[in-house]
Amino acid sequence: MKEKKQRVNVWLDPDIINKVDGLIKRLNVENQSQLIAKAVEFFIGYVGTNDSTAFLSDTLVGVIDGSIKECENRNATNLFRLAVEMEIIMQILVAGLDIPVEYIERLRAQAVNTVKNCNGKICFEDALNVSNEEDYA
């Protein structure tokens, strides 16, 4: 048995009413009441769930996922390029300098601490100041 509907008065701005009227044909509903009831059901479901993707269109979710994957791929490619350039720089330094292994290990530990403490925001001048304070020989 179908529940009896209850009449509710709502006051809407004219532009919202125009939007509702425009959606009636698109959403294949008979009148404003049906459209507003569907909208309220949708909103109640949206507010009641923690998974907002259940209310996003599959197309929109696909576009967002695609954009995120594209960004991840770009970041991975750039990180790879940077790693290659760093390897080239390290090979040049190794070929041209005679630096003791102990100093490199101490420098690596210091670099890890510096990066942790500054959240990855490294300033060349700060590195230069630290370098001038120590002698590796």
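These notes cover the structure that comes with them. Everything numeric here is computed off the predicted structure, so don't read it as measured data.

1. Quick word on the overall build of the chain
Then, in step 1: For the chain, the count of helices and strands is five helices and zero strands.
Then, in step 2: Start at the N end of the chain and walk to the C end: the helices and strands fall as α-α-α-α-α.
Then, in step 3: Counting over 137 residues, the chain shows a buried share of 4%.
Then, in step 4: When the accessible surface of the chain is split by element, carbon and sulfur atoms take 58% of a total near 12700 Å².

2. Looking at helix α1 (residues 14-26)
Then, in step 1: A rise of 1.5 Å per residue sets the reference length of α1, with its 13 residues, at 18 Å; its end C-alpha atoms lie 19 Å apart and thus fit the reference within 8%.
Then, in step 2: Trailing α1 by a residue or two, Asn 28 shows a phi angle of about 55°, which is positive.

3. Looking at the pattern of salt bridges
Then, in step 1: Counted under the stated rule, the structure contains one salt bridge.
Then, in step 2: One salt bridge connects Glu 70 with Arg 74, and the closest N-O pair in it is separated by 3.1 Å. Within this pair, Glu 70 and its partner Arg 74 are both found in helix α3 (residues 58-96), separated by four residues, close to a single helical turn.
Then, in step 3: Since its relative accessible area comes to 47%, Glu 70 is described here as partly exposed.

4. Considering unusual backbone geometry
Then, in step 1: Positive phi is not limited to glycine here, since Asn 28 has a value of about 55°.
Then, in step 2: Tracing the chain through its elements places Asn 28 in the loop between α1 and α2 (32-48).

5. Here's the deal with the environment of Ala 111
Then, in step 1: Following the sequence through the fold, Ala 111 ends up in helix α4 (residues 101-117).
Then, in step 2: Overall, the relative accessible area of 38% leaves Ala 111 in the partly exposed class.
Then, in step 3: Sequence spacing of Ala 111 and Ile 122 is eleven residues, and the spatial spacing of their C-alpha atoms is 10.0 Å.

About the cut-offs
- Residues numbered from 1 in each chain as written.
- Predicted model: local features only at pLDDT ≥ 70, side-chain atom pairs only at ≥ 80, totals over all residues.
- Heavy atoms only, no water.
- Helix = DSSP H or I, 4+ residues; strand = E, 2+ residues; numbered from the N terminus.
- Buried < 20%, exposed > 50% of the residue type's maximum accessible area, 1.4 Å probe, protein only.
- Areas by Shrake-Rupley, 256 points an atom, 1.4 Å probe, with all protein chains shown as cover.
- Expected span 1.5 Å × (residues − 1).
- Salt bridge = Lys/Arg side-chain N within 4 Å of Asp/Glu carboxyl O.

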